[in-house]
Amino acid sequence: MSTIQAKSVRRREDLRLLTGRGNYTADARPGAMAVAVFLRSPYAHARITSIDTAAARALPGVFGVFTAADLTDVSPIPGGIGFPRPDGGPAPKTDRKLLAEDRVRFVGEPVAVVVADSRAAGLEAAEAILVDYDALPLVTDAAAAMAQGAPAVWDDVPDNIGFLWKRGDADGAAAALAGSAHVTTLDFCVSRVTANSMEPRGAWAEVAADGRLEVHASHQSPFALRNGMASGNFGCAPTDIRVVPGDVGGSFGMKSGVHLEPVLVAWAARRLGRPVRWVSDRTEGFLTDEQAREMRISASLGLDKDGRFTALKLRWDVNLGAYVSGRSGWGVGNIGGIAGVYVIPYIAAEVCGVLTHTVPTAAYRGAGRPEATYAIERLIDLAAREIGVSPYELRRRNLIPPSAMPYKTALTFTYDCGEFEGNMVMAAEMADLGGFPARRADAEARGKLRGIGLCNCIEVAGGPFLRPARDQASLRIAPDGTLVLRSGSMSVGQGLETTMTQLVAERFGVDIEQVRWEGGDTDLLPGGKGNGGSGALCIGGSAVMLAADKVIETARKVAAEILEAAVVDIEFSNGRFRIAGTDRSVGLAEVARAAPIMPGEEGGLTESGEFVPTAVTFPNGTHVCEVEIDKETGVTEIVRYSAVEELGRVLNPLIVTGQIQGGVVQGIGQALGEVIIHDKESGQMLTASFMDYQMPRAYEYPEFQLATREVPTAVNPIGAKGVGEAGTVGALGAAMNAINDALAPLGVRHFDMPATPARVWEAIRMASR
């Protein structure tokens, strides 16, 4: 396992990004760049009876106006997923046409694309396209979509059920629940949200001098985009397409997979023989970015007379939106987290994917992990109140002990290591759990409702989920001694450029400025993981370390020749190779210049590394949130927040803290206000701007008290477990438990997110009747 020590290093990319020297999708200015503008459906469900583009084509500045009829040489985005329907048959193969042809299924679905010399000309032409629609009945809610007689999103799926996934021991769970001394049952919701990355989605493409399609996209997984476009859309070899992401201003899972806009931009560039760019505006992003989280949860938790958990039964009804694809499995791959960090002998789980007339849902920071943790942690808080035990004690009583590791849960996961009680003890001390009653009494004296919420979180990360995972890296010692790192893991704003170069700098004993980062471009490596699943350091970092070790060993042999010594006598430290016991040494530059140059290679010495994990990792932690609610206005304020995250080996505490902070805010943001709302009659989105969609603001949050604990995993050579999603996984449950704890003295058994002032005020008023 790596012996690299933790060291807080400031993000090296920030100066470049904050001083306007970033290279984002909208920054490029190649000659003759054209602009793509999409005409999108104003209807959630309608039949297209005719499209007239003649007037639009005749307008000045318009290079082309295209509809589905023009797309004869490019294929739709493949639909379907490898889960069964209730009858055991396959999930429907809802291929997503790049432009709707005969029917639209959600507001914002594209019907035509205009390519013009400016955005203004493109917008004018889009407005000149005449589309006749025949409006059809629609449904936006999963429960309503499963009702008898509900409008069908697809004619061949009359019940709107895309899939029904089942795991666990249903009979054993039912019997255990029936024999339990107490059963807590709850039906509750997780709201729909959207990513709202700082940089919107966008792409531009051109036909390069070598005849290949070159796609520059704001995307987190360039190899996945390249391979998906090649096999799924253009029917060509992956190497016939080059994807170059550049800098990416946030992704959160929303910028993974193949989206239709980059495909159409590439198709249009090839068709017109000129570069074509599309960049989403904010309203377009609200309407068309894949959204997330929305589900209805029905769950039961059994306890024996001593407060030990006996069984858990749970069902998620997940709103998939209008299409089923490989990206629809976000509610399945990570549902194992409902087992939590607890001994639960029997678990039975179902996930029902439901089609509706809304934009499709997919992965978003956590991708089922926050929902799973919220499900079990909300049940535990409610059960503790019902049986008269403190939430802290009930959790502690049911923890999996370290001596049980590796521990196979009753559902899908096997935890390799973990010391969960240590997290709870440290978090309780940081949060001053014992002092809460006094703080609640003080709040009551001021006319406020104060609540505290605990959440023990665990997530799956850094490994093969529904499919194998791997990452690649190459490292070159350039003739000037610079270490050039190419990583298959993609930096999307989370500091990966710093983290990966720090790994190399520490391993070689040189300053981080001596390491140059090159990432994202699919021409630089045979393959790469990109970004997602909290796996950059676990998988990508491990590939980097393997490449570094190979470079050092190869360079050791070259150094031995230069120094005329035996290889076994060559020591390496602080960027120099020395003959043991002497002062004779050579540096990296000397070694690189002496290394043989293979045909087709750059000068210097290059080695590559590939890491394929055989198992996943399990970051875990304990979050404690305190809120105060103004009874007169319903305004909820986060007044204290503490979290302990056990992440395995921590490389850069400064970046880790930033990742946890950001994740916590995203989780609390959903608890307090973020929500996508559709009008049930028209299917129109009612929260399609920042005027209506409540984004978190920095001034709304106190200073967080954060700490990490290290229980290294043996799954990868670094010992890291992953951090990218950790904050979000714990925050949603902690915040909602705190809000519910504040409202409980009024007789409120459960309050669903989001805790907007209006909804909280109404709950208080209803409870006081």
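Scroll up a little and you will see the structure.
Residues numbered from 1 in each chain as written. Predicted model: local features only at pLDDT ≥ 70, side-chain atom pairs only at ≥ 80, totals over all residues. Heavy atoms only, no water.

J.: Would you explain the overall build of the protein in this entry?
T.: When its secondary structure is counted, the protein shows 19 helices and 28 strands. In terms of overall dimensions, the protein is globule-like: its C-alpha atoms have a radius of gyration of 27 Å, near the 27 Å expected for 769 residues. Summarising its shape, the C-alpha atoms of the protein cover approximately 85 × 75 × 50 Å along the three principal directions. Considering the protein as a whole, with its 769 residues, one finds that 60% of them fall into the buried category. Long-range contacts, defined here as pairs at least 24 residues apart, represent 80% of the contacts in the protein between residues at least 6 apart. Element-wise, carbon and sulfur atoms account for 52% of the exposed surface of the protein, whose accessible area totals about 28,600 Å². Here the protein contributes 75 positive and 91 negative side-chain charges, whose respective centroids are spaced 1 Å apart. (Helix = DSSP H or I, 4+ residues; strand = E, 2+ residues; numbered from the N terminus. Rg over C-alpha atoms; globule rule 2.2 N^0.38 Å. Buried < 20%, exposed > 50% of the residue type's maximum accessible area, 1.4 Å probe, protein only. Contact = heavy atoms within 4.5 Å. Areas by Shrake-Rupley, 256 points an atom, 1.4 Å probe, with all protein chains shown as cover. Lys, Arg positive; Asp, Glu negative; His and termini not counted. Charge placed at Lys NZ, Arg CZ, Asp CG, Glu CD.)

J.: Looking at this model, I keep getting lost on the nonpolar core. Mind explaining?
T.: Soluble globular proteins tend to bury their nonpolar side chains together. Within the largest apolar cluster, 110 residues are counted, with the highest numbers of intra-cluster contacts made by Trp316, Ile338 and Tyr415. If you tally residues by element for this core, the top one is helix α18 (residues 726-743), at 10 residues. When neighbours within four sequence positions are excluded, Tyr415 is seen to be in contact with Gly336, Ala339, Gly340, Ile400, Met405, Pro406, Tyr407, Thr409, Phe420, Ile458 and Phe618. Of all hydrophobic cores here, the second largest spans 47 residues; its members include Phe508, Ala547, Phe577 and Ala720. (Core = buried A, V, L, I, M, F, W, Y, C linked by side-chain atoms within 4.5 Å.)

J.: What is the right way to read the pattern of salt bridges from this model?
T.: Two side chains bearing opposite charge may form a pair once their charged atoms approach each other closely. One pass over the full model with this rule turns up 54 salt bridges. Between Asp521 and Arg242 there is a salt bridge whose closest N-O contact spans 2.4 Å. Note that Asp521 is positioned in the loop between β21 (515-519) and α15 (536-563) and Arg242 in strand β11 (residues 241-243), a separation of 279 residues in sequence. Among the ionic contacts, a cluster of salt bridges with common partners joins Asp432, Arg439, Asp442, Arg446, Arg450, Glu626, Glu628 and Arg640. (Salt bridge = Lys/Arg side-chain N within 4 Å of Asp/Glu carboxyl O.)

J.: Honestly, the packing of helix α10 (residues 369-387) against α18 in this entry has me stumped. Any pointers?
T.: Helix packing geometry: the angle between the two helix axes and the distance between the axes. Running from N to C, α10 and α18 cross one another at 30 degrees; their axes reach a closest spacing of 8 Å. Classed by the angle they form, the pair α10 and α18 counts as roughly parallel. Helix-helix and strand crossings are classified by hand; for α10 and α18 the assignment is right-handed. In this structure, α10 uses Arg369, Pro370, Thr373, Tyr374, Glu377, Arg378, Asp381 and Arg385 to contact α18, whose residues at the interface are Thr728, Val729, Leu732, Gly733, Met736, Asn737, Asn740 and Asp741. Taken together, the residues of the contact of α10 with α18 break down into five nonpolar, five polar and six charged. (Axes fitted to C-alpha atoms, helices over the stretch in contact; angles between N-to-C directions. Parallel < 35°, antiparallel > 145°, perpendicular 65-115°, else oblique. Left-handed = near helix turned anticlockwise from the far one by under 90°. Nonpolar A, V, L, I, M, F, W, Y, C, P; charged D, E, K, R; others polar.)

J.: Honestly, helix α6 (residues 222-234) in this entry has me stumped. Any pointers?
T.: Residues spaced three or four apart along an α-helix point in a common direction, a consequence of the helix completing one turn every 3.6 residues. Listed as buried for α6 are Pro222, Phe223, Leu225, Arg226, Met229, Ala230, Gly232, Asn233 and Phe234. Gly235 sits one or two residues past α6 and shows a positive phi near 60 degrees.

J.: What am I meant to see in the environment of Gly82 here?
T.: Relative to the elements of secondary structure, Gly82 occurs in the loop between β3 (62-66) and β4 (103-104). Since its relative accessible area comes to 76%, Gly82 is described here as exposed. Separated by 243 residues in sequence, Gly82 and Ser325 place their C-alpha atoms 9.1 Å apart.

J.: Sorry if this is basic, but what is going on with the side chain of Glu459 here?
T.: Relative to the assigned elements, Glu459 resides in the loop between β18 (448-458) and β19 (471-477). Classification of Glu459 as buried rests on a relative accessible area of 3%. Of the polar contacts made by the side chain of Glu459, one reaches the backbone nitrogen of Ala726; its length is 3.2 Å. Apart from the residues within four sequence positions on either side, Glu459 is in contact with Arg369, Ser534, Thr617, Phe618, Pro619, Glu725, Ala726 and Val729. (Polar contact = N/O pair within 3.5 Å; in protein donor to acceptor, adjacent residues only side chain to side chain.)

J.: How do you make sense of the sheet that holds strand β28 (residues 705-709) when you look at a structure like this?
T.: Across a sheet, strands are paired by hydrogen bonds formed along the backbone, either parallel or antiparallel in direction. Read across the sheet, four strands follow the order β18-β26-β27-β28 without closing on themselves; strand pairing throughout is mixed. Of all strands in the sheet, those with a lone pairing partner are β18 and β28, marking the two edges. Geometrically, the sheet is characterised by an average inter-axis angle of 10 degrees between neighbouring strands, direction not taken into account. Of the strands in this sheet, β18, β26 (620-630) and β27 (636-646) touch α18, which is tilted by about 145 degrees from β18. (Pairing = 2+ DSSP bridges.)

J.: Please clarify how the pairing of strand β2 (residues 46-52) should be interpreted in this entry.
T.: Relative to β4, β2 runs antiparallel, the two sharing two bridges. Within β4, the residue paired with Arg47 across the bridge is Arg103.

J.: Honestly, the packing of helix α14 (residues 496-508) against α15 in this entry has me stumped. Any pointers?
T.: Relative orientation of the contacting elements α14 and α15 amounts to 35 degrees, with a least axis distance of 10 Å. Pair α14 / α15 crosses with right-handed handedness. Across from Leu496, Thr499, Met500, Leu503, Val504, Arg507 and Phe508 in α14, the residues of α15 making contact are Ala536, Leu537, Gly540, Gly541, Val544, Met545, Ala548, Asp549, Val551 and Ile552. A breakdown of the residues in the contact of α14 with α15 according to their chemical character gives 12 nonpolar, three polar and two charged.

J.: Help me understand α14, please; the structure alone is not making it clear to me.
T.: Between its terminal C-alpha atoms α14 stretches 18 Å, which fits the 18 Å expected from 13 residues at 1.5 Å a residue. Buried residues dominate α14, accounting for 11 of its 13 residues. Regarding α14, the residues found buried are Leu496, Glu497, Thr498, Thr499, Met500, Thr501, Gln502, Leu503, Val504, Ala505 and Phe508. In the segment just after α14, Gly509 is the residue with positive phi, at about 70 degrees. (Expected span 1.5 Å × (residues − 1).)

J.: Help me out: how do you make sense of unusual backbone geometry in this one?
T.: Backbone geometry follows two general trends: most residues other than glycine have a negative phi, and most peptide bonds adopt the trans configuration. Backbone torsion omega between Met405 and Pro406 reads -5 degrees, so that peptide bond is classified as cis. Here Pro406 is to be found in the loop between α11 (391-397) and β16 (407-408). Geometrically, the link from Met753 to Pro754 is a cis peptide bond, its omega value of 0 degrees lying close to zero. Positive phi, close to 65 degrees, is recorded for Ala32, a residue that is not glycine. Summarising the element assignment, Ala32 is placed in the loop between α1 (14-18) and β1 (34-40). The phi angle at Asp432 is positive, at roughly 50 degrees, despite the residue not being glycine. You can see Asp432 is positioned in the loop between α12 (420-430) and α13 (436-445). Exposure remark for Asp432: the relative accessible area of 37% places this residue in the partly exposed category.

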